[in-house]
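A structural walkthrough
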Amino acid sequence: MSMNSAAAQDTQEVPIAPRMQPVPASPDGEALLDDPQEWASFGRPSVQADAAGGAWESHVVIEGMHCAACALTIEDALRAVPGVARAEVSAATQRARVVWQPGQVLPSRWLEAVRKAGYRALPAMDAMARDQRVREHRKALWRWLVAGFCMMQVMMYAWPAYVAEPGDLSAEMERLLRWASWVITLPVVFFACGPFFSSALRDIRQRRVSMDLPVALGMAITFVVSTAGTFDPDGVFGHEVYYDSLTMFVFFLLTGRWLELRLRDRTAGALEAVMNRLPPSVERRMADGAFERVAVRRLGPGDVVRILPGEAFPADGCLVEGSTLVDEALLTGESTPVARGVGQVATAGSYNLQSAVLMQVQGVGADTRFGQIVALMESASLQKPRLAQLADKVARPFLVLVLLAAGLAALWWWPTDPGRALMVAVSVLIVTCPCALSLATPVAMLSAAGTLARNGVLVRNLQGLEALASVDTVVFDKTGTLTRDGMAVRSVQCRAGLEADEALSLAASMAVHSLHPVSRALAAAAQGAGAWQVEDLREHSGLGLSALVRDAGGLRPARRMVLGSARHAGLPGDEGAGGGQWVYLAWQPEGEVPQELARFELTEDLRHEAPRVVAALRQAGVGVQLLSGDRSPAAGRLAAQAGIEHWRGDCSPQDKLDVLHRLQSQGRRVVMVGDGLNDGPVLAGAHVSFAFGRSVPLAQSRSDFVVLGDDLSLVAQSIVLARQTLRVVRQNLWWAAGYNALSVPLAIAGYMPAWLAGLGMALSSLLVVLNAARLSRGLQALDGSGGAGKARMSVTPAAA
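None of the values given here were measured: they were computed from a predicted structure.

**A short note on the overall build of the protein chain**
Helix and strand counts for the protein chain come out as 27 helices and 27 strands. The contacts of the protein chain with a sequence gap of at least 6 include a subset with a gap of at least 24, amounting to 68%. Carbon and sulfur atoms make up 57% of the accessible area of the protein chain, which amounts to about 33,100 Å² in all.

**Examining the confidence of the model for the protein chain**
Reading predicted coordinates in detail is not appropriate for stretches of low pLDDT. Mean pLDDT over the protein chain works out to 77, with 80% of the residues at or above the 70 mark. When the elements of the protein chain are averaged for pLDDT, helix α1 (residues 3-7) gives the smallest value, 44, and strand β8 (residues 304-307) the largest, 92. Overall, residues 782-800 carries pLDDT values under 50, and its contacts beyond four positions in sequence, including any with other chains, amount to 51 contacts.

**So, the pairing of strand β7 (residues 291-295)**
Of all the 5 residues making up β7, 5 are buried; the element is thus mostly covered by neighbouring parts of the structure. As defined by bridge partners, strand β6 (residues 281-285) adjoins β7 across 5 bridges and the pair is classed as antiparallel. Of the residues in β7, the one forming a bridge with S281 is A295.

**Thoughts on the pattern of salt bridges**
With the rule as written, the count across this model stands at 17 salt bridges. Notably, a salt bridge pairs R79 with E75, separated by 3.6 Å at the nearest N-O pair. Placement of both R79 and E75 in helix α4 (residues 68-79) is noted, with a separation of 4 residues, approximately one turn of the helix. In this structure, R618 engages E645 in a salt bridge whose closest nitrogen and oxygen atoms are separated by 2.9 Å. Of the two residues, R618 is situated in helix α22 (residues 610-619) and E645 in the loop between α23 (632-642) and β24 (646-648); the sequence distance between them amounts to 27 residues. On the basis of relative accessible area, R618 is assigned to the partly exposed category, the value being 43%. Residue class for E645 comes out exposed when judged on its relative accessible area of 54%. Each of E283, R293, R306 and E311 takes part in salt bridges that share partners, so that together they form one network.

**Structural notes on the packing of aromatic side chains**
Per the stated rule, a full pass over the model turns up 9 aromatic pairs. An angle of 20° between the planes, with centres 5.8 Å apart, marks the rings of W144 and F251 as stacked. Residue W144 is located in helix α6 (residues 127-163), and its partner F251 is located in helix α10 (residues 243-267); the two are separated by 107 residues in the primary sequence. By the ring-pair criterion, three or more aromatic residues cluster together here, those being W144, F251 and F252. Cation over ring: R143 sits above F191, and NZ or CZ is 5.8 Å from the ring centre. Directly above the ring of F291 sits R306, whose terminal nitrogen or CZ lies 4.0 Å from the centroid.

**A word on the pairing of strand β20 (residues 559-564)**
Relative to β20, strand β19 (residues 544-551) runs antiparallel, the two being bridged by 6 bridges. Residue S546 lies in a different strand from β20, and its bridge partner there is V562. Two elements, β20 and strand β21 (residues 581-587), share 4 bridges in a ladder whose sense is antiparallel. When the bridges of β21 are listed, M561 appears paired with W587.

**Comments concerning a nonpolar patch on the surface**
On the surface, L141, W142, L145 and F191 cluster together into a nonpolar patch covering about 390 Å² of accessible area. Take the nonpolar patch: its biggest share by element is 3 residues, from α6.

**As for helix α24 (residues 653-665)**
Between its terminal C-alpha atoms α24 stretches 18 Å, which fits the 18 Å expected from 13 residues at 1.5 Å a residue. Those residues of α24 lying buried are P653, D655, K656, L657, V659, L660 and L663. G667 sits one or two residues past α24 and shows a positive phi near 90°.

**Re the sheet that holds strand β14 (residues 357-363)**
Strand pairing within a sheet occurs via backbone hydrogen bonds; the two strands may be parallel or antiparallel. The 6 strands are arranged β7-β6-β8-β14-β9-β12 in an open sheet whose pairing can be described as antiparallel. Either end of the sheet is taken by a strand with one partner, and the two such strands are β7 and β12 (345-346). In this sheet, β14 lies alongside strand β9 (residues 316-321) in antiparallel orientation, the contact comprising 5 bridges. When the sheet's bridge partners are listed, G317 is paired in β14 with V361.

**Structural notes on the environment of L254**
Along the chain, L254 turns up in helix α10. As for L254 and R143, which are separated by 111 residues in sequence, their C-alpha atoms are 7.6 Å apart. Setting aside residues up to four positions removed in sequence, L254 forms contacts with R143, W144, A147, A192 and F196.

**Re the packing of helix α8 (residues 194-206) against helix α9 (residues 212-231)**
For the pair α8 and α9, interaxial distance at closest approach is 8 Å and the crossing angle is 115°. The way α8 lies across α9 gives a crossing that is left-handed. Of the residues in α9, those touching α8 at P195, F196, F197, S199, A200, D203 and I204 are D212, L213, V215, A216, M219 and A220. Taken together, the residues of the contact of α8 with α9 sort by class into 10 nonpolar, 1 polar and 2 charged.

**So, the sheet that holds strand β18 (residues 532-540)**
Here we have 6 strands laid out as an open sheet, ordered β17-β22-β21-β20-β19-β18, and antiparallel in their pairing. The sheet terminates laterally at β17 (488-494) and β18, the two strands that pair on one side only. Each adjacent strand pair in this sheet contributes to an overall mean axis angle of 20°, direction not counted. In terms of strand pairing, β17 meets strand β22 (residues 595-603) through 6 bridges, oriented antiparallel.

**Brief notes about the nonpolar core**
Soluble globular proteins: nonpolar side chains tend toward being buried together. The biggest cluster of nonpolar side chains holds 53 residues, and the ones touching the most others in it are F196, M219, L246, F249, V250 and L253. Per element, the largest residue contribution to this core is 10 residues, and it comes from helix α15 (residues 418-431). In contact with F249, other than residues within four places in its own chain, are G218, M219, T222, I430, A754, W755 and G758. In this structure, A469, L482, A639 and L712 belong to the second largest nonpolar core, which totals 50 residues.

**Quick look at the environment of W734**
With respect to the helices, strands and loops of the structure, W734 is situated in helix α26 (residues 713-748). Here W734 falls in the exposed class, since its relative accessible area comes to 68%. Put simply, W734 and A440 are 294 residues apart on the chain and 9.3 Å apart in space, counted from C-alpha to C-alpha.

Parameters at a glance
Residues numbered from 1 in each chain as written. Predicted model: local features only at pLDDT ≥ 70, side-chain atom pairs only at ≥ 80, totals over all residues. Heavy atoms only, no water. Helix = DSSP H or I, 4+ residues; strand = E, 2+ residues; numbered from the N terminus. Contact = heavy atoms within 4.5 Å. Areas by Shrake-Rupley, 256 points an atom, 1.4 Å probe, with all protein chains shown as cover. pLDDT = per-residue confidence, 0-100. Buried < 20%, exposed > 50% of the residue type's maximum accessible area, 1.4 Å probe, protein only. Pairing = 2+ DSSP bridges. Salt bridge = Lys/Arg side-chain N within 4 Å of Asp/Glu carboxyl O. Phe/Tyr/Trp six-rings, centres within 6.5 Å; stacked < 30°, edge-to-face > 60°. Lys NZ or Arg CZ within 6 Å of the ring centre and 35° of its normal. Patch = residues over 30% accessible without salt bridge, like charges linked within 9 Å, V, L, I, M, F, W, Y side chains within 5 Å. Expected span 1.5 Å × (residues − 1). Axes fitted to C-alpha atoms, helices over the stretch in contact; angles between N-to-C directions. Left-handed = near helix turned anticlockwise from the far one by under 90°. Nonpolar A, V, L, I, M, F, W, Y, C, P; charged D, E, K, R; others polar. Core = buried A, V, L, I, M, F, W, Y, C linked by side-chain atoms within 4.5 Å.

Here it is in structure tokens:
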């Protein structure tokens, strides 16, 4: 019987373990999250430098937040809780990161602080949070439909008043139409406008100002003035009613907010789609051989799980039964499925495409590469670029100025016409809402980050997108960057009495402890470390390894061995016959001249897309340089193959850093591209940096961007996208500023009715999000004509 057909027979009918308990908006519900076993489902131990030992980092989704002022309010509420070390809230993604000390505070305490501020926090990366978001989308759609239907009915009743000649409408008919409009407007006010009023009441109770307060105030004033005109036609406000304006601008606002919500899910939501890639539950084999479905967070090393076709692997592990095709595009950047069979490793987050398999779990949660990717993406999505921080600082004072401007406008018009005065104030309140200003930067940045993530580039530092847009020099490392992430041992030369296999085994005993491409090549050639024990191993950045090595039996004393470049071994070097790289193994007696034991010739190939990438960068006005720790002849030959004019070999990490500082002192904006292993100081010192991350522990990478695959053209295309992103941000900011500069005088002068103000406000926010959505189309190839500052390059993965 096949595994697929047996799946239905040996699976016990047991309840599916929920990923988390529901978290109602009550103290009792929040207390469920105080159980330490629940913490891992929405967070991880903090590794931030500014966090004290034992701190925990949790991620939550915030409900009821619409603007930058809301984000600032939630941050203030969280930071006021004793034991909360850090809080970051993003209005664009509606997510928050909280770093807290378990010994001082529990999740229920800071969740309560969010609730008392008028919002609700749900654990992120949880199926319940996604279901709640779907319900909110449906409610928003119903509000929009009710507002649209009532708007059409009110316009039908208001139309006769617009087209009738004097005397065509009797006073009784006009009152009847007003009453009919009032009745039809009630569902709009008490249902469709509900989010605006509830947010405004929350602001009033908390004695603060958010972007919904002016809007709700405008809606309330319009309804009150129109109701007064309906109940008392001969009174101060009986001259005219504004139900048509009210329903129209509510409909326009809800239309804009709904479309904005959908577009934000499509752009910034790309990050969340990746972060929620793991299944909520999986089938785990029990002691009797049957399978039960359990929550993924309940898995541990040693468990055997069954992964069905179409499911994502919930953890890292080794296949113990079956074979299949696996989609690892998120983890490697390669879109072609790879075959996996018994004894081979499957990684968390990859998809099972073909048949059911059994896997023994080896790593879960934050210990997996997928967990590291999620941690980086969550960190980037909550960062606030410099322009976004400026917009957030402006938001609150601007809202106060909006209220003052509306009050002054009403005072100015009151002696002329009290009804007109209040409607002018309403127009000012609505038209000046700074929603577009607060969305201008974060939506564009997150759209770009989502596009890069889908194409295999992780953004560790969102601020790096701003810096990347202005770079004029790219500095490449050689090994593992311009060359393929793989080297091969071509030949072995040993001293008399030492066999090649024995030399390789001795070298591999040290190399297996390093992730450098040279070390991996030596370890692969030896196919094992052999009978050697390694102690006190040290990795000298850019040079090689040193360690005390003894035979496994301990019959001979340990010897200090060095493995690496000729300079590291203290030996005269020579270039390989075929242009390869020599790696030396030497014994280093204390106080004596090192004695060479063996030398290994390694070869590496230039990436086939490298010449095209270099040409595209130069055509766009970006200078290209090569800095390598290898010998100068090898570095020069590879630079010539890639088309790089400025290069330097025999560089130590300090030499690379000195060259970088010299370029920066000349006013150059430098991006460093390295393998992330021995380039840490250089990557950290550049204005912006890339690391090719196949072999890099992502949590230890010091770069701003991590390229998951092997495609060097992603570096060039990231620069193109960064330039496009900054251009979109500037367009959004200019549009938001220009719109307010034009609309405010018109509203104060009485030339902008309330419905037009609502339309303008909705369109301004919508245009900002639509403009940012252009960045989600993907990494496109554009022909360039050269010249400095050009953002056009002709590199595509297909062309490369």
